[in-house]
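Spelled out from the first residue to the last, the chains are:
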Amino acid sequence: MLRPSLRHANQMRPVSMETHINKWAEGSCLIKIGGTQVLCTASVESGQPTWKRMQNKTGGWVTAEYSMIPRANITRKGHDQMTRDHRTVEISRLIGRALRSVVDMDMLGKNTITIDCDVIQGDGGTRCASITGGFVALSLAIRGMIESGRITDNPIREHIAAVSAGLWRDELVLDLDYEEDCDAELDSNFVMTEDGRFIEIQATGEQHPFTREQLTRLMDMAADGCAQLIELQKQVL
C-alpha cells in the first residue's frame, strides 16, 4: 500500500544537507527531510561546564539545545510556551546523549561545543533530523578546531544518524511524516552508529502492545535508513 506521500514502506523521504549555512557558527547544517527542516549550528567555547570543573573532571563537553520557531507547525506556539515545554527538554537531552556517545571528551580538550537545533518547519521526525544534521555541524566545528590548532586529533570516533519507523495502518514503515505519525499504532526512533550499533531506541505502542518480531523488523529498516543518511553526511563533509 502506498503511503500519503506515495512512498513505499521502506522508502525515506527526500533528504538534503547544506553546510556553512550560518557564517558566525563554527559549524552549521540545514537539513531537510521531506517537509521537515532543521537548522543545526555548533558553537565552540573555551573551558568546561561548571559542573565538570567543580568535580575536577578531565576533557571537554558536548551539549545540545532543541527548539521550534513559533510557526514551525500548523498552530503557532510562542517562545515562552516552548521554553516550558517538557518535550523540548527531553529532545535536547537525547541529541546531547547521542552526539556525546561518539566523541572522546579527553581528545576534545577543555572545550565545550553546543549544538543548537532549531526546527524551521516540522513535518515529522524532527528529533531524528536534529541528530543527523547536528552531527554534521559538530564535525565541521571540530574540523575547524583542528585546522586552527586548538586540538590536535579528531575526537569523533564514527558517524551517527537517526531515523523514525513505525506501524501505520497495519504496515511497518520507515521515516514517518506528520500525517503518518499522528495515526501511527507504533512510533519509534532509532539512533545508530556507522558500524550498525544502536545508541538509543525509543519505541511506544501508541494504540496497543507490539511484538518482538515487529521491533526487529523496524530495527532492520532503521539500519538501512541510517546507512543512507550517513552516506549523505560523508558526501557533504
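Presented here is a report on the structure given in the accompanying data block. Note that this is a predicted model, so its numbers are computed, not measured.

## Let's talk about the layout of surface pockets
Phase 1 of the analysis: Its volume calculated, the largest pocket comes out at about 370 Å³.
Phase 2 of the analysis: In terms of lining residues, the largest pocket is bounded by 20 residues, among which R87, R127, D181, D187 and N189 are the most central.
Phase 3 of the analysis: At the level of elements, α4 (126-147), α5 (178-183), β8 (186-193) and β9 (198-205) are the ones that each hand at least two residues to the lining of the largest pocket.
Phase 4 of the analysis: Classifying every residue of the lining of the largest pocket by side-chain character gives four nonpolar, 10 polar and six charged.
Phase 5 of the analysis: Put simply, the second largest pocket is a space of about 170 Å³.
Phase 6 of the analysis: Residue composition of the lining of the second largest pocket, grouped by class: six nonpolar, three polar and two charged.

## Remarks on the pattern of salt bridges
Phase 1 of the analysis: Applying the stated criterion across every chain, the model contains 11 salt bridges.
Phase 2 of the analysis: Put simply, D175 and R7 hold a salt bridge, and the shortest N to O gap is 3.7 Å. With D175 in the loop between β7 (171-174) and α5 and R7 in the segment before β1 (15-19), the pair connects residues that are 168 residues apart, well separated along the chain.
Phase 3 of the analysis: For D175, a relative accessible area of 3% gives the class buried.
Phase 4 of the analysis: Here R7 falls in the buried class, since its relative accessible area comes to 4%.
Phase 5 of the analysis: Salt-bridge contacts for E158 lead to R197; the nearest nitrogen and oxygen are separated by 2.5 Å. Here the residue E158 occupies a position in the loop between α4 and β6 (160-168), and R197 occupies one in the loop between β8 and β9, the gap between them amounting to 39 residues.

## Some remarks on the sheet that holds β6
Phase 1 of the analysis: Pairing in this open sheet of four strands is antiparallel, and the strands run β7-β6-β8-β9 from one edge to the other. Looking at which strands have only one partner, the edges of the open sheet turn out to be β7 and β9. Strand-to-strand twist across the sheet, computed as the mean angle between neighbouring axes with direction ignored, equals 15°.
Phase 2 of the analysis: As defined by bridge partners, β8 adjoins β9 across seven bridges and the pair is classed as antiparallel. Bridge assignment links V191 to a residue of β9, and that residue is E200.
Phase 3 of the analysis: Seen against the sheet, helix α3 (residues 86-100) touches β6, β8 and β9 and runs at an angle of roughly 150° to β9.

## A look at the packing of α3 against α4
Phase 1 of the analysis: Across the interface, α3 lies against α4 with an axial gap of 10 Å and an inter-helix angle of 40°. Relative to α4, the element α3 is oriented oblique. You can see that α3 and α4 cross each other, and the crossing is right-handed. When α3 is examined against α4, the residues R87, E90, I91, L94, I95, A98 and L99 are found in contact with a partner set consisting of T126, R127, S130, I131, G134, F135 and L138.
Phase 2 of the analysis: When grouped by side-chain class, the residues that make up the contact of α3 with α4 number eight nonpolar, three polar and three charged.

## What to know about the sheet that holds β1
Whenever strands of a sheet pair, they do so through backbone hydrogen bonds, lying parallel or antiparallel.
Phase 1 of the analysis: Taken in spatial order, the five strands make up an open sheet running β1-β2-β3-β5-β4, and their pairing is mixed. In this open sheet, the two strands that pair with only one neighbour each are β1 and β4 (61-68). Averaged over all pairs of adjacent strands, the angle between strand axes in this sheet comes to 15°, irrespective of strand direction.
Phase 2 of the analysis: Pairing geometry for strand β2 (residues 27-33) and strand β3 (residues 36-46), over seven bridges, is antiparallel. Bridge pairing in β3 links G27 to A42.
Phase 3 of the analysis: This element, α3, spans β4 and β5 (111-121) of the sheet and lies at about 145° to β4.

What counts, and at which threshold
Residues numbered from 1 in each chain as written. Predicted model: local features only at pLDDT ≥ 70, side-chain atom pairs only at ≥ 80, totals over all residues. Heavy atoms only, no water. 1 Å grid on protein atoms, 1.4 Å probe; cavity = no way out; pocket = protein on both sides within 12 Å on 5 of 7 lines; lining within 4 Å. Points joined across faces, edges and corners; volume = space filled by probe spheres on them. Helix = DSSP H or I, 4+ residues; strand = E, 2+ residues; numbered from the N terminus. Nonpolar A, V, L, I, M, F, W, Y, C, P; charged D, E, K, R; others polar. Salt bridge = Lys/Arg side-chain N within 4 Å of Asp/Glu carboxyl O. Buried < 20%, exposed > 50% of the residue type's maximum accessible area, 1.4 Å probe, protein only. Pairing = 2+ DSSP bridges. Axes fitted to C-alpha atoms, helices over the stretch in contact; angles between N-to-C directions. Contact = heavy atoms within 4.5 Å. Parallel < 35°, antiparallel > 145°, perpendicular 65-115°, else oblique. Left-handed = near helix turned anticlockwise from the far one by under 90°.

By themselves, these observations are geometric and do not establish any function.
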